[in-house]
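Single-letter residue listing:
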Amino acid sequence: MKKVRILLIALCFAMIFPLLVACKKDDEKPVSDDKYVYDDSCREKAADSIPEGYDLENQTIGIFYAQHTEKFLIGDEESTDIVFSKIYERNLSVEERLNVDLDLISSDTTRWQEVVEVMKRDIQTMANAYEIIFTTNNTVTQELLFNYFYDLNDSEYIDIEERWWYPDAIMETSIDNYNYRLLYGDISIGTLGIAGAIFYNKALYEQYISPNKDGDELYQKVFDGTWTLEEFTRITKKAHIEKGGDGSNDIYGFSLFNTGEPTHYFREAADLPLYTRDEYGMIEIEPISDRLITFVDMLYECYWENEGAWLFLGQSMPKERENDFPNEKVMFLLGNLNTALQDNMREMKQDFGIVPFPKLDEEQELYKNFLQNGTVMVGCPVSADIERVNEEVSAVIEALASESYRSVAVPYYEMALKTAYTRDDMDAHMIDIITGRHDTVKSTLTKNFAYEYLHYSVGQIIRNTVHNKNTNVVSQYDSMIGSAGVTLKQILDDYKSGKI
């Protein structure tokens, strides 16, 4: 109970402090040198561009959703989890505001490959009754279904520069860096939870690492811009603490099993997009750069020349190892924000901190935080009427997104993430940085074109190199560039032709 009280006090302070400073005018978008400053105290006043009294006269708008995204679209009226009850209320609020009936249509399968086939069949045969699609990103980008969706640039009401959208992520999946078809934002609030994050045990850090016995020391490194891959490696090397005996009680810096996500988080955090765009905004695969070679060498050292790295890259995590972090077997846990929602983290008695994945070096301007391809995206199928998409449907999408920002994000972002599982206001600052919503530390929440569309070739180049205990990324590139070039040519040709 004592910790709960501390968390509640932290929550009150975090929510009241911005009010003591200032609240921007309703029509003033807060900006920094990079992106908007997200002033959460003004959420309830945030207005979209849909006119007051806009009336769809009880029309029906069909929304198809992949079944595994159900809770984040439909919510749950009777849920004890405030987030899902708020999602349910959001839908009712939009229906009432626009005088519209939202017809929610399930894919009736949780297998993403089957979701792909359902969408393709329905859109190709024009047999579907839906005009909006909620599905996970991999069902569209990995399967190259971008032509199954309309460009949304000309929609009357969707404005991706508004604070409820993630514009950098949206434009990353644009083929030509102008037209956008796939939307990411607070409309599916669980997307925030997929942002990469590193957790650390404050007590172990104080005892074995910090010269000042300060568990919050890492936060200052983030603020100062000195939280780099080199620093993470230095710390985790020191974090291997031998306890004697057979080694079963030793402490390690971090563990890594047969998953590529932490490696992709490290790569994006190092600002290595793996591609460039030509003068027309079209994608070109980037030649191997000195920066990429440097990163591979540094990540190799972090993984394979680090006594604090506990690697099991040839196997999935067994159930008995899921509690290594709460049981103080590792000092750092590589995951995403949703990791904090797991039962073993909720029940953890020790204080833990949260920091973003590190930059490559101090010269790098931004902390770049990656959304992997399990992200929920929203789009409009080409089987729908384009005039309705640009008018009525765009109003529904923008209303759902803005209402999520006003009413759903507060319990999810402020309570579930910032306070229920963090100890103080510093952790809240770190989450703001991870999600690209901090007012002074430059950061962004983004995706990666190569990872999404060239997933099976150059999108995996770092993982396939370093996980195989190799630093020869040039050789790996040479083995992949042929198939990647063929896929990219297909993408560009199909995009220009518009064929599905």
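A short tour of the structure in this document, coming up. Everything numeric in this text was worked out from a predicted model, so none of it was measured.

**Focus: the packing of helix α7 (residues 217-224) against helix α13 (residues 425-434)**
Phase 1 of the analysis: Two elements in contact, α7 and α13, have axes separated by 11 Å at closest approach and are oriented at 35°. Taken as a pair, α7 and α13 cross one another with a handedness that is left-handed. On α13, the residues that touch Tyr 219, Val 222 and Phe 223 of α7 are Met 426, Asp 427, His 429, Met 430 and Ile 433.
Phase 2 of the analysis: Partitioned by chemical class, the residues of the contact of α7 with α13 number six nonpolar, one polar and one charged.

**So, the packing of aromatic side chains**
Phase 1 of the analysis: Evaluation of the coordinates by the stated rule reveals 26 aromatic pairs.
Phase 2 of the analysis: Aromatic pair Phe 146 and Tyr 495: ring centres 6.4 Å apart, planes at 55°, arrangement tilted. One end of the pair, Phe 146, is in the loop between β3 (132-136) and α5 (167-172); the other, Tyr 495, is in helix α16 (residues 473-497), with 349 residues separating them in the sequence. The pair formed by Phe 146 and Tyr 495 is uniform in burial state, with each residue classed as buried.
Phase 3 of the analysis: The residue whose ring lies beneath Lys 359 is Tyr 367, and the NZ or CZ to ring-centre distance is 4.9 Å.
Phase 4 of the analysis: Lying over the aromatic face of Tyr 184, Lys 447 brings its terminal NZ or CZ to 5.1 Å of the ring centre.

**Some remarks on the pairing of strand β13 (residues 443-446)**
Phase 1 of the analysis: Neither face of β13 is open: one carries Ser 443 and Leu 445, the other Thr 444 and Thr 446, and all of them are buried.
Phase 2 of the analysis: Note: strand β11 (residues 367-370) against β13, four bridges, orientation parallel. Each bridged residue has a counterpart across the sheet, and for Asn 369 the counterpart in β13 is Leu 445.

**Examining the packing of helix α9 (residues 261-269) against helix α10 (residues 290-304)**
Phase 1 of the analysis: At a minimum axis distance of 11 Å, the contact between α9 and α10 shows a crossing angle of 140°. Overall, the two elements α9 and α10 adopt an arrangement that is oblique. Handedness of the crossing formed by α9 with α10: right-handed. Across from Pro 262, Thr 263, Phe 266 and Arg 267 in α9, the residues of α10 making contact are Phe 295, Leu 299 and Tyr 303.
Phase 2 of the analysis: For the contact of α9 with α10, a count of residues per class yields five nonpolar, one polar and one charged.

**Considering the pairing of strand β12 (residues 376-379)**
Walk down a regular strand and you will see the side chains alternate between the two sheet faces.
Phase 1 of the analysis: By the alternation rule, side chains of β12 split into Val 376 and Val 378 and Met 377 and Gly 379, which are all buried.
Phase 2 of the analysis: Pairing between β3 and β12: four bridges, direction antiparallel. Across the sheet, residue Phe 134 finds its bridge partner in β12, namely Val 378.

**Here we look at the pattern of salt bridges**
Should their charged atoms come close, side chains of opposite charge can pair.
Phase 1 of the analysis: Using the criterion set out here, one finds 20 salt bridges in the structure.
Phase 2 of the analysis: We note a salt bridge from Arg 121 to Asp 122, for which the minimum N-O separation is 3.2 Å.
Phase 3 of the analysis: According to the relative accessible area criterion, Arg 121 is partly exposed, its value standing at 49%.
Phase 4 of the analysis: Of the charged contacts, one joins Asp 216 and Lys 202 as a salt bridge, the two residues approaching to 3.0 Å between their closest N and O atoms. Highlighted residues: Asp 216 in the loop between α6 (202-208) and α7 and Lys 202 in helix α6, separated in sequence by 14 residues.
Phase 5 of the analysis: Given the relative accessible area of 29%, Asp 216 is considered partly exposed.
Phase 6 of the analysis: Taking the relative accessible area as the measure of exposure, Lys 202 reaches 5% and is therefore buried.
Phase 7 of the analysis: Sharing partners across several salt bridges, the network here consists of Arg 267, Glu 268, Asp 271 and Lys 368.

**Focus: α10**
Phase 1 of the analysis: Taking 1.5 Å of rise per residue, the 15 residues of α10 would be expected to cover 21 Å, and the 21 Å separating its terminal C-alpha atoms lies within 8% of that figure.
Phase 2 of the analysis: Looking at α10, one finds that the buried residues are Leu 292, Phe 295, Val 296, Met 298, Leu 299, Tyr 300, Cys 302 and Tyr 303.
Phase 3 of the analysis: Looking at the packing, one finds that the buried side of α10 touches α8 (229-238), β5 (254-256), α9, β8 (309-311), α15 (461-466) and α16.

Parameters at a glance
Residues numbered from 1 in each chain as written. Predicted model: local features only at pLDDT ≥ 70, side-chain atom pairs only at ≥ 80, totals over all residues. Heavy atoms only, no water. Axes fitted to C-alpha atoms, helices over the stretch in contact; angles between N-to-C directions. Helix = DSSP H or I, 4+ residues; strand = E, 2+ residues; numbered from the N terminus. Left-handed = near helix turned anticlockwise from the far one by under 90°. Contact = heavy atoms within 4.5 Å. Nonpolar A, V, L, I, M, F, W, Y, C, P; charged D, E, K, R; others polar. Phe/Tyr/Trp six-rings, centres within 6.5 Å; stacked < 30°, edge-to-face > 60°. Buried < 20%, exposed > 50% of the residue type's maximum accessible area, 1.4 Å probe, protein only. Lys NZ or Arg CZ within 6 Å of the ring centre and 35° of its normal. Pairing = 2+ DSSP bridges. Parallel < 35°, antiparallel > 145°, perpendicular 65-115°, else oblique. Salt bridge = Lys/Arg side-chain N within 4 Å of Asp/Glu carboxyl O. Expected span 1.5 Å × (residues − 1).

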